[in-house]
Amino acid sequence: MARVLHFVLGGFAVLVAFFLGIASLGARLDPAMGAEAEQVSNEIAVAALVALLLAAVFFVLGGIGGRRSPKVLWTSVGVYAVLAALDVVGFSLEPETGQILIGLVPCAVLITLLLVGPSRNHYLSGRAPAA
């Protein structure tokens, strides 16, 4: 289940990057923006690149998620823990209603799915036998 959610989040991040790219182009071409058009467009473009980077990370996690290895488990948990921490930091810098739920809820759900008994046992069953 967690592996499927990796791919779903990757697809969602690609869509967000696409729409941010369109918004960046729109801001650059909007004559009403005036002198701020380039700065606003560049800021939106950076957000689009971050979304593409996250999409790549999600797709890689989904791709390696089928391997039975503790490294895969803890890498996935670590990535989502870092994303959740960054979401909390972002919320503390700019507190807006519901903003924290956009990133924190999927991270918490995936960490929970990865650490419940059956999932954890799946990944830990690939551990090399002790010599």
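Residues numbered from 1 in each chain as written. Predicted model: local features only at pLDDT ≥ 70, side-chain atom pairs only at ≥ 80, totals over all residues. Heavy atoms only, no water.

Novice: So what about the packing of aromatic side chains? Which residues, and what values?
Specialist: Within this structure, the stated rule accounts for 3 aromatic pairs. Each ring, one from Phe7 and one from Phe59, has its centre 6.1 Å from the other, and the planes form 35 degrees; the classification is tilted. Linking Phe7 in helix H1 (residues 2–29) with Phe59 in helix H2 (residues 37–64), this pair joins segments that are 52 residues apart in sequence. Judged by its relative accessible area of 36%, Phe7 is partly exposed. Ring geometry for Phe18 versus Phe19: centroids 5.4 Å apart, planes at 65 degrees, classification edge-to-face. Using a relative accessible area of 51% as the deciding quantity, one classes Phe19 as exposed. (Phe/Tyr/Trp six-rings, centres within 6.5 Å; stacked < 30°, edge-to-face > 60°. Helix = DSSP H or I, 4+ residues; strand = E, 2+ residues; numbered from the N terminus. Buried < 20%, exposed > 50% of the residue type's maximum accessible area, 1.4 Å probe, protein only.)

Novice: So what about the nonpolar core? Which residues, and what values?
Specialist: Within the largest apolar cluster, 16 residues are counted, with the highest numbers of intra-cluster contacts made by Phe58, Tyr80 and Leu114. Of all elements in the fold, only H1, H2, helix H3 (70–93) and helix H4 (99–115) reach the threshold of two or more residues within this core. No other element matches H3, which puts 6 residues into this core. In this view, Leu114 contacts Ala2, Leu73, Ser76, Val77, Ser119, Arg120 and Tyr123; residues no more than four positions away in its chain are not counted. (Core = buried A, V, L, I, M, F, W, Y, C linked by side-chain atoms within 4.5 Å. Contact = heavy atoms within 4.5 Å.)

Novice: So, H2: which residues are in play, and what are the values?
Specialist: Because each turn of an α-helix spans 3.6 residues, side chains separated by three or four positions end up pointing in the same direction. Spanning 28 residues, H2 covers 41 Å between terminal C-alpha atoms, matching the ideal 40 Å at 1.5 Å per step. Those residues of H2 that are buried are in contact with H1 and H3. (Expected span 1.5 Å × (residues − 1).)

Novice: Account for the environment of Met33, with residues named and values stated.
Specialist: As for its placement among the helices and strands, Met33 is situated in the loop between H1 and H2. Judged by its relative accessible area of 26%, Met33 falls in the partly exposed class. Once residues lying within four places of it in the same chain are set aside, the contact partners of Met33 are Ala27 and Val40.

Novice: Requested: an account of the layout of surface pockets, with residues and values cited.
Specialist: Over the atoms rolls a probe the size of a water molecule, and in doing so it shows where empty space is left. Computed from the structure, the largest pocket encloses a volume of approximately 830 Å³. If you go around the largest pocket, you meet 21 residues; those closest to its centre are Val50, Leu54, Asp87, Ile102 and Gly103. Listed by contribution, the elements that provide at least two residues to the lining of the largest pocket are H1, H2, H3 and H4. Of all the elements, H2 adds the most residues to the lining of the largest pocket, at 6 residues. (1 Å grid on protein atoms, 1.4 Å probe; cavity = no way out; pocket = protein on both sides within 12 Å on 5 of 7 lines; lining within 4 Å. Points joined across faces, edges and corners; volume = space filled by probe spheres on them.)

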